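Structural description and commentary
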Amino acid sequence: MKRMIYVLIMFVISLGACEQKMDIYEGTSGIYFDPTEAVLDTIVVPWGLKNSNVKKQNMNLRVCLMGDVVSYDRKFMIRVITDAHDTLQAVEGKDFRLLQKEYAILAGKADALVEIELLRADDLAERPRRFTLQLEETEELGFLYSRVQSLLDSIGETVERVIDYQRVIYMDERFKTPVWWSLYGGSFFGKFSTKKAIFICDQMGYEREDFVAPFTESNLNEAKLRFAARYLHEYLQEHPEIDEDGELMTMGPDAQK
């Protein structure tokens with residue numbers, strides 16, 4: 001009895017800590033997206049860490065079972081939700097592909113993977129893309145509960161979203177600042193920008209994940225970066241590039257010595 005009271009108290013406390021509303025639905029077994037894979041209902045895919053010649057990548061979304069594991073397959077569907085007002089709306093077949101739209105929680109299993117092929121648009125740096133996938137109920141697998149969040153929609157209005165039955169996939173060319181930039185970046189390469197970082201990696205043949213990593217985890221070092229800066233300074237004299245701010249791209253002061 002004491003254990004039951006303790007469990008009930010902890011359940012109530014956890015609900016208060018989340019500060020989120022729950023919708024409860026009738027049903028015996030349900031499905032929902034794995035909440036550990038997303039921030040609320042959104043997954044950000046930063047293409048910036050993939051080299052420029054990488055044009056597609058695969059991702060999986062885990063769909064979890066709420067209820068009993070059974071000895072037979074139970075089907076569910078995935079649907080693409082479009083928003084005519086969203087200027088960042090991705091196009092199916094052009095920006096992404098669903099490898100299939102009908103899935104199943106297989107016999108003896110408690111989850112399934114939804115397979116998606118992501119495609120890299122040439123203008124992704126100028127216009128990120130996003131798309132929304134939504135689970136569909138069936139007679140065997142319903143919606144038992146979901147968290148509800150107040151979020152901004154594509155036109156900036158606050159709406160309430162049921163976040164465990166959908167996933168928003170947001171793709172951009174985000175390129176994080178290398179960990180060594182505060183030591184060498186400014187003097188070698190000047191002001192950081194995503195476009196400049198991509199330019200450096202493409203021209204020097206650097207793997208982007210190496211470029212942003214600590215020296216202890218990559219093939220780069222101070223001498224290699226100094227050489228790259230001087231080489232690219234000379235290159236830009238003959239092959240000018242425009243940076244993100246609309247100005248001519250330049251290297252740092254040490255590159256000109």
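The present account deals with the structure reproduced in this document. (Residues numbered from 1 in each chain as written. Predicted model: local features only at pLDDT ≥ 70, side-chain atom pairs only at ≥ 80, totals over all residues. Heavy atoms only, no water.)

Observations concerning the overall build of the chain
Along the chain, the regular secondary structure elements total five helices and twelve strands. Counting over 257 residues, the chain shows a buried share of 41%. Considering only contacts in the chain between residues 6 or more positions apart, those separated by 24 or more positions represent 73%. (Helix = DSSP H or I, 4+ residues; strand = E, 2+ residues; numbered from the N terminus. Buried < 20%, exposed > 50% of the residue type's maximum accessible area, 1.4 Å probe, protein only. Contact = heavy atoms within 4.5 Å.)

Considering the pattern of salt bridges
Considering all chains together, one arrives at 17 salt bridges under this definition. Each of the salt bridges in this network shares a partner with another, and the network as a whole consists of Arg120, Glu173, Asp202 and Arg208. (Salt bridge = Lys/Arg side-chain N within 4 Å of Asp/Glu carboxyl O.)

Considering the sheet that holds strand β6 (residues 96–98)
Read across the sheet, four strands follow the order β2-β4-β8-β6 without closing on themselves; strand pairing throughout is antiparallel. Sheet topology places β2 (30–33) and β6 at the edges, where each strand pairs with a single neighbour. Averaged over all pairs of adjacent strands, the angle between strand axes in this sheet comes to 30°, irrespective of strand direction. Of the pairings in the sheet, the one linking β6 to strand β8 (residues 111–119) comprises three bridges and is antiparallel in character. Within β8, the residue paired with Phe96 across the bridge is Leu118. (Pairing = 2+ DSSP bridges. Axes fitted to C-alpha atoms, helices over the stretch in contact; angles between N-to-C directions.)

Brief notes about the pairing of strand β11 (residues 158–162)
The pairing of strand β10 (residues 145–152) with β11 spans five bridges and is antiparallel. Bridged to Ser150 within β11 is Glu160. Between the end of β10 and the start of β11, which pair antiparallel, lie five residues, with Gly156 showing a positive phi angle near 85°.

Topic: the environment of Leu232
Mapped onto the elements, Leu232 comes out in helix α5 (residues 222–238). On the accessibility criterion, Leu232 (0% relative accessible area) is buried. When neighbours within four sequence positions are excluded, Leu232 is seen to be in contact with Phe199, Ile200, Gln203, Met204 and Met251.

With respect to the environment of Asp153
Position of Asp153 among the secondary structure elements: in the loop between β10 and β11. Given a relative accessible area of 24%, Asp153 falls into the partly exposed group. With 68 residues separating them along the chain, Asp153 and His85 place their C-alpha atoms 9.6 Å apart.

As for a negative patch on the surface
On the surface, a cluster of negative charge is made up of Glu126, Glu244, Asp245 and Glu247. Locating Glu244 in the fold gives a position in the segment after α5. (Patch = residues over 30% accessible without salt bridge, like charges linked within 9 Å, V, L, I, M, F, W, Y side chains within 5 Å. Areas by Shrake-Rupley, 256 points an atom, 1.4 Å probe, with all protein chains shown as cover. Lys, Arg positive; Asp, Glu negative; His and termini not counted. Charge placed at Lys NZ, Arg CZ, Asp CG, Glu CD.)

What to know about unusual backbone geometry
You will see that Leu40, though not glycine, has its phi angle at about 55°, which is positive. Looking at the element boundaries, Leu40 is found in the loop between β2 and β3 (42–46).

Considering the side chain of Asp95
For Asp95, the position within the fold is in the loop between β5 (74–81) and β6. On the accessibility criterion, Asp95 (1% relative accessible area) is buried. Side-chain polar atoms of Asp95 contact the side chain of Arg129, separated by 3.4 Å. With residues near it in sequence (within four places) discarded, Asp95 still touches Ala90, Leu118, Leu119, Ala121, Arg129 and Met171. (Polar contact = N/O pair within 3.5 Å; in protein donor to acceptor, adjacent residues only side chain to side chain.)

What to know about the packing of aromatic side chains
In total, this model carries 17 aromatic pairs according to the counting rule given. When the ring of Phe76 is compared with that of Tyr103, the centres are 6.0 Å apart and the planes differ by 20°; the resulting orientation is stacked. With Phe76 in strand β5 and Tyr103 in strand β7 (residues 102–105), the pair connects residues that are 27 residues apart, well separated along the chain. We classify Phe76 as buried; its relative accessible area is 0%. Its relative accessible area of 6% is what places Tyr103 among the buried residues. A ring pair is formed by Phe175 and Phe211, whose centres lie 6.1 Å apart and whose planes are at 75°; its orientation type is edge-to-face. In this pair, Phe175 is assigned in the loop between β12 (166–172) and α2 (181–189) and Phe211 in helix α4 (residues 208–212), connecting sequence segments 36 residues apart. In terms of burial, Phe175 and Phe211 fall into one category: buried. Grouped by ring-pair contacts, the aromatic residues Phe175, Trp180, Trp181, Tyr184, Phe188, Phe189, Phe192, Tyr206, Phe211 and Phe215 constitute a single cluster. (Phe/Tyr/Trp six-rings, centres within 6.5 Å; stacked < 30°, edge-to-face > 60°.)

Focus on the packing of α2 against α5
In contact at an axis separation of 9 Å, α2 and α5 are set at 20° when each is read in the N-to-C sense. When the interaxial angle is binned, α2 and α5 end up roughly parallel. Every pair of crossing elements has a handedness; the one defined by α2 and α5 is right-handed. Touching Tyr184, Phe188 and Phe189 of α2 are Glu222, Leu225, Arg226, Ala228 and Ala229, all from α5. For the contact of α2 with α5, the per-class residue count stands at six nonpolar, no polar and two charged. (Parallel < 35°, antiparallel > 145°, perpendicular 65-115°, else oblique. Left-handed = near helix turned anticlockwise from the far one by under 90°. Nonpolar A, V, L, I, M, F, W, Y, C, P; charged D, E, K, R; others polar.)

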